[in-house]
Amino acid sequence: MSFVTVRDLFQTYGNRPIIERVNVDVAEGEFISIVGASGCGKSTFLRLLLAQERPTRGEIRIDGAEPAREPGLDRGIVFQRYSVFPHMTVRDNIVAGESFRAGWGRFFGDAAKAARDRADQTLARIGLDHVADNYPATLSGGMQQRLAIAQALAAKPRVLLLDEPFGALDPGTRLSMHDFLQDLRAETGMTVFMVTHDLEEAFKLGDRVLVFDKPRWDPHDPSRYGATITYDFDARDGGIPFQTLKENIHVPEPH
Amino acid sequence: MRLINIKPGPALALFLVLLPFAAVLVAYAVGSDIRLTANPSDKLLPAPGTVGDTMMRLLTEGDRRTGRILFWYDTWASLQRLWLGIAISASVGLVFGLLIGLFPLMRSLLAQFVAVLSMIPPLALLPILFIVFGLGELSKVVLIVVGTLPFIIRDLSQRTYEIPQELLVKAQTLGASSWVIAIRVALPQVMPRLIQAVRLSLGPAWLFLIAAEAIAADLGLGYRIFLVRRYLAMDVILTYVIWITILAFAMDWLLRWASRRFYPWAEEGL
Ligand SMILES: Nc1ncnc2c1ncn2[C@@H]1O[C@H](COP(=O)(O)OP(=O)(O)OP(=O)(O)O)[C@@H](O)[C@H]1O
Ligand SMILES: [Mg+2]
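Scoring rules and cut-offs
Residues numbered from 1 in each chain as written. Chains lettered and ligands numbered in written order. Predicted model: local features only at pLDDT ≥ 70, side-chain atom pairs only at ≥ 80, totals over all residues. Heavy atoms only, no water. Axes fitted to C-alpha atoms, helices over the stretch in contact; angles between N-to-C directions. Helix = DSSP H or I, 4+ residues; strand = E, 2+ residues; numbered from the N terminus. Parallel < 35°, antiparallel > 145°, perpendicular 65-115°, else oblique. Left-handed = near helix turned anticlockwise from the far one by under 90°. Contact = heavy atoms within 4.5 Å. Nonpolar A, V, L, I, M, F, W, Y, C, P; charged D, E, K, R; others polar. UniProt positions renumbered as here; feature names shortened; annotations may be inferred. Expected span 1.5 Å × (residues − 1). Bend = angle between axes of the 7 residues up to and from the residue. Near = heavy atom within 4 Å. Polar contact = N/O pair within 3.5 Å; in protein donor to acceptor, adjacent residues only side chain to side chain. Areas by Shrake-Rupley, 256 points an atom, 1.4 Å probe, with all protein chains shown as cover. Domains from an automatic or database assignment. Buried area = accessible area lost by both parts, 1.4 Å probe. Salt bridge = Lys/Arg side-chain N within 4 Å of Asp/Glu carboxyl O.

An unreviewed UniProt entry annotates chain B as ABC transporter permease originating from Marivita cryptomonadis.

Chain A carries the name ABC transporter ATP-binding protein in an unreviewed UniProt entry, which gives Marivita cryptomonadis as its organism.

To continue, consider the packing of helix α3 (residues 70-102) of chain B against helix α4 (residues 104-117) of chain B. All names here are of chain B. Taken N-terminus to C-terminus, the directions of α3 and α4 make an angle of 120°; their axes are 6 Å apart at the nearest point. Overall, the two elements α3 and α4 adopt an arrangement that is oblique. Once α3 is placed against α4, the crossing between them reads as left-handed. Together, F96, L99, I100, G101 and L102 of α3 and P104, M106, R107, L110, A111 and V114 of α4 make up the contact between the two elements. When the residues that make up the contact of α3 with α4 are grouped by side-chain class, the tally is nine nonpolar, one polar and one charged.

Residues annotated in UniProt with the feature "domain: ABC transmembrane type-1" (unreviewed entry) correspond here to residues 75-255 of chain B. Between the end C-alpha atoms of residues 75-255 of chain B the distance is 19 Å, and the span holds 86% helix and 0% strand.

Note on helix geometry: an α-helix contains 3.6 residues per turn, so any two residues three or four positions apart are oriented the same way. The terminal C-alpha atoms of helix α8 (residues 178-215) of chain B, which comprises 38 residues, lie only 46 Å apart, well short of the 56 Å expected from a rise of 1.5 Å per residue. The sharpest bend along α8(B) reaches about 45° and sits at B:L187, with the proline B:P188 one to four residues further on.

All names here are of chain A. Near ligand 1 you find 14 residues, and of these R16, S38, K42, S43 and T44 are the closest. The contact in question runs from an oxygen atom of ligand 1 to an N or O atom on the side chain of S43, over 2.6 Å. Note that an oxygen atom of ligand 1 is positioned 3.2 Å from one of the side-chain N or O atoms of E164. In the complex, the protein chains occlude 63% of the 640 Å² of accessible area that ligand 1 would expose alone. Of all the secondary structure elements, the ones that give two or more residues to the shell around ligand 1 are β2 (16-27) and α1 (42-50). Among the elements that line the shell around ligand 1, the one with the most residues is α1, at four residues. Residues of the shell around ligand 1, tallied by class, amount to four nonpolar, six polar and four charged.

Before going further, it helps to examine the domain arrangement of chain A. Residues and elements named next belong to chain A. Domain boundaries in chain A define domain 1 (1-74 + 160-255) and domain 2 (83-156). At the junction of the two partners, domain 1 supplies twelve residues and domain 2 supplies eleven residues. Summing both sides of the interface, domain 1 and domain 2 together bury roughly 1,000 Å²; the carbon and sulfur share of this comes to 80%. Put simply, domain 1 and domain 2 have one salt bridge between them. Between R125 and E187 there is a salt bridge whose closest N-O contact spans 2.8 Å. Inspection of the region where domain 1 meets domain 2 yields two residue pairs in polar contact (both at pLDDT 80 or more). Here the side of domain 1 that touches domain 2 gets six residues from one element, more than from any other, and that element is helix α5 (residues 171-188). For the side of domain 1 that touches domain 2, a count of residues per class yields ten nonpolar, one polar and one charged.

Let us look at the interface of chain B and chain A. The partner chain A presents 34 residues to the 22 residues of chain B that form the contact. Around 2,300 Å² of area is buried between chain B and chain A when both sides are counted, 67% of it from carbon and sulfur atoms. Per-residue buried area on chain B facing chain A is highest for B:K170, B:L174 and B:R184; these three make up 32% of the total on that side. Our enumeration of links across chain B and chain A arrives at zero salt bridges. Our count for the contact surface shared by chain B and chain A stands at seven residue pairs in polar contact (both at pLDDT 80 or more). Of all the secondary structure elements, the ones that give two or more residues to the side of chain B that touches chain A are α7 (165-173) and α8 of chain B. The greatest single-element share of the side of chain B that touches chain A, amounting to eight residues, is contributed by α7(B). Counted by class, the side of chain B that touches chain A contains 13 nonpolar, six polar and three charged residues.

Shown next, in the form of structure tokens:
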């Protein structure tokens, strides 16, 4: 049963095609890694999934619902930068995950206290309780990304989108972030799309790895054609790359 | 060692800070001395001692007729006008800055309009203000508002517009409405910028205040300066000028302190 359904998706900026003919079905709870060359449109694909922009053609449905017209509660996002609110303390950033949907964007009285307690529990679990009252700018990159993921999860989205979330972290921090993410996923069973430039990371974390690339190439005008999904790997068995090729893929002709 | 790498120690830094002040004082004292030796009744550069005496007299002695110490009444009248004008500018500027910066519809509606308005020289409007609002307090406050509001709106709308798109998207994925984004994301993020904009507006605000007071008032720092100009009372003028400078500096310092105190997350260079 397809949970996220992408049909015949095109995105063009001006007259420059970025993404063309993307079709993909994702089951609920799947972890999708997305890899591809820089500038081939991975972030664009995430923005389309998020409904931050609308596609030129085609549509994306989540759980069969009408295509979304703007970002909303059902899809959470973690960017590489600027993912947490710099003017709020670490604790308030987590509380915001629940309180922003309220009329004034904050809780009052007992509700506020309860939300603070829940936030403190979350912070204790992700190892940020000792900096609960600090501002994000005082945190290391890894801590900020942990905070960003926890904040996104506090809103309980059905689909989590991650755009190179660990791109700026050192290898050690990266590994602990992998454990962190895998724990959270085992707990929530959420559908995840993660863009990364690290193949190892893509195969380790993902159930499937989608490769974005240009299937057609005009040597005189490289920007003439857009990218699409050229490979769709099954990456479930222990994260060892290159096992089973899924069916219905567009294998590119050799150049 | 390169000049850009030479940093003063604390003692030298303090000395360098005080040096220009001392230089101006000495230059004035010398100039005044030269003129007074040539002509003891010269009024242009009164001796520092004379200015000091006048200062004491102005600050402590009441008016012969009414017994009021005019210096403080002048100060109070001017500060009221200034604060009122700045407060109106800041609050209206904040609201419109957020509206224009956050909502594309508002941007289309108002951004160009404000850009054109900000080109009107406020002092050219002063006669109109006097005609429309009379010679009382209102026209002076309105002049300050007219003079500072367009800048504050433009600055704040620009700052609001520059809030990283990621943060606005993020707030939406947490279920925030436009209203919540405005008050919980945009408003706190531009508050330090508002303080900054007010600091930059204080200079023009004083200018417009003194201009308005010089033309039509019966109390106020600017009024007094232009009144005693007729008697060439340089000692009084200098006292008032120094006092205005101190007030302006104190306000600037207070605003900077408030920005650091209430918005510690905003690293401000200024
Ligand atoms: N709003 C926009 N208007 C015009 N062109 C855009 C816009 N956003 C992205 N692009 C262009 O679309 C192309 C794809 O950008 P995108 O950010 O999706 O690439 P990416 O695969 O995420 O790259 P990277 O790995 O470097 O993050 C780039 O060439 C970029 O210049
Ligand atoms: Mg990208």
